[in-house]
Amino acid sequence: MNPITSEKNKLGFVGIGYMGRPIAQRLLESGFKLTAYDRNLSKAEDLIRYGGTVAQSIAELSSSCNVLLSCLPTDEAVLNIYRGPDGAFANAHRGSLVIDLSTVYPETSQELSRLGSERGVDVLDVTISGSTPAAERGALTLFGGGDQRCFNAAESIFRVIARKYFYLGPSGSGATMKLVANTLLGIGMQAIAEAVALGEKAGLDRGRLLDVLSETAVVAPAHVGKLQRAVKGDFSPQFPLRLMNKDFGLILNLAAAVGARMPATVAAFEANARLSEQGKEQDFSAVILQMESQAHLGSTDNERTPVGARK
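Throughout what follows, the structure given in this document is the object of discussion. (Residues numbered from 1 in each chain as written. Predicted model: local features only at pLDDT ≥ 70, side-chain atom pairs only at ≥ 80, totals over all residues. Heavy atoms only, no water.)

**With respect to the overall build of the protein chain**
Helix and strand counts for the protein chain come out as 15 helices and 8 strands. Computed over C-alpha atoms, the radius of gyration of the protein chain comes to 21 Å, within 12% of the 19 Å expected from 2.2 N^0.38 for 311 residues, which places it in the range of a compact globule. Burial statistics for the protein chain: of 311 residues in total, 53% are counted as buried. Of the roughly 14,600 Å² of accessible surface on the protein chain, a fraction of 52% belongs to carbon and sulfur atoms. Charge-centre separation for the protein chain: the mean point of 32 positive side chains lies 3 Å from the mean point of 32 negative side chains. (Helix = DSSP H or I, 4+ residues; strand = E, 2+ residues; numbered from the N terminus. Rg over C-alpha atoms; globule rule 2.2 N^0.38 Å. Buried < 20%, exposed > 50% of the residue type's maximum accessible area, 1.4 Å probe, protein only. Areas by Shrake-Rupley, 256 points an atom, 1.4 Å probe, with all protein chains shown as cover. Lys, Arg positive; Asp, Glu negative; His and termini not counted. Charge placed at Lys NZ, Arg CZ, Asp CG, Glu CD.)

**A look at the nonpolar core**
Within the largest apolar cluster, 37 residues are counted, with the highest numbers of intra-cluster contacts made by Phe13, Leu27, Ile99 and Ile157. When residues no more than four places from it in sequence are discounted, the contact partners of Ile99 are Val67, Leu68, Leu69, Ser70, Leu124, Val126, Ala154, Ile157 and Phe158. In terms of nonpolar packing, the next biggest core, distinct from the first, is built from 33 residues, Leu179, Leu209, Phe248 and Phe284 among them. (Core = buried A, V, L, I, M, F, W, Y, C linked by side-chain atoms within 4.5 Å. Contact = heavy atoms within 4.5 Å.)

**So, helix H14 (residues 263-276)**
If you check H14, its first and last C-alpha atoms are 20 Å apart, about what 14 residues at 1.5 Å a residue would give, namely 20 Å. Buried within H14 are the following residues: Thr265, Ala268, Ala271, Asn272, Ala273, Leu275 and Ser276. In this structure, the buried side of H14 is in contact with helix H10 (173-201), helix H13 (241-258) and helix H15 (287-294). (Expected span 1.5 Å × (residues − 1).)

**Quick look at the sheet that holds strand S1 (residues 10-14)**
In a beta sheet, neighbouring strands pair by backbone hydrogen bonds and run either parallel or antiparallel. On the basis of which strands lie adjacent, the open sheet formed by 8 strands has the order S3-S2-S1-S4-S5-S6-S7-S8 and mixed pairing. Each of the sheet's edge strands pairs with one partner strand only, and the pair in question is strand S3 (53-54) and strand S8 (162-169). In this structure, strand S7 (residues 140-145) lies alongside S8, joined through 6 bridges in parallel fashion. Paired with Leu142 across the two strands is Tyr165, which belongs to S8. Here H10 sits on the sheet and contacts strand S6 (122-129), S7 and S8; the angle it forms with S7, its principal contact strand, is near 135 degrees. (Pairing = 2+ DSSP bridges. Axes fitted to C-alpha atoms, helices over the stretch in contact; angles between N-to-C directions.)

**Some remarks on the state of the cysteines**
As enumerated under the stated definition, the model contains 0 disulfides in all. No disulfide involves Cys71; its sulfur sits 16 Å from that of Cys65, the nearest cysteine. Relative accessible area serves as the criterion here: at 15%, Cys71 is assigned to the buried category. (Disulfide = S-S within 2.5 Å.)

**A short note on the packing of aromatic side chains**
On inspection of all chains with the given rule, the structure shows 7 aromatic pairs. Judged by centre distance (6.4 Å) and plane angle (55 degrees), the ring pair of Phe151 and Tyr165 falls under tilted. Taken together, the positions of Phe151 in helix H8 (residues 148-153) and Tyr165 in strand S8 put the pair 14 residues apart, joining distant regions of the chain. Phe151 gets classed as buried once you look at its relative accessible area, which sits at 3%. (Phe/Tyr/Trp six-rings, centres within 6.5 Å; stacked < 30°, edge-to-face > 60°.)

Shape descriptors only; they carry no functional weight alone.
Shown next as structure tokens:
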């Protein structure tokens, strides 16, 4: 496959959400011609100010480009976009390329690859590590699965949106690596939430605790910003809780399929699910609030017990 360039290739983008919007914007600002589609038309229209155009349907979008990117929230949404007579594959040009950035089950990525090959379309599963601020800075990390020649041909796109990008292997490998990475992301956030509640309960000042914890070597870079926002009480979604909950489900499905025991993941999933059931649109770091609540901590809390104090 010939290298993708901003001069020769037209991009399509479906899914202008938390991650899709900043990624599409960066591609436009770097000089790529891009047409967007989203079920919420106003989200796609917001890209017009950066030089984008808007498609009214998936069929129109797919027929107007030779590289189609998608960034969607669920396996069902991905399959619905690509399958059927009005879907992307039925209306795509032979020889075009699909780059699915969605976090999905590996078998979904493999199914996309199979459906694409029937229409003469190459498919890459290129999953994303990083939240909205990283996407805005072009500092994501990408995990790629599919044909390596296609992955190499798409490097001009990856360089715009990512700080690092890795080829992992055949179709489904990028999706698998994302679930591996998000295992650490989710468990790590739960561990941090429990540690924060412990420190507060033992009498440490909340703001100072969060500040100092974010400077330690044991907190991963992906979690540092979460602690800094927690100091301000900011749990607005960068990576929504509902999507972390969905990913936990995918992780445990994969674990069951391959026979991997994951007791810590099960525990983190249960805590995440209970919070997600409340229905609030919060960042997944809101598990800090949940652990504080379970420890009976609050802004006027009287239940902190300084170390050495008699209970």
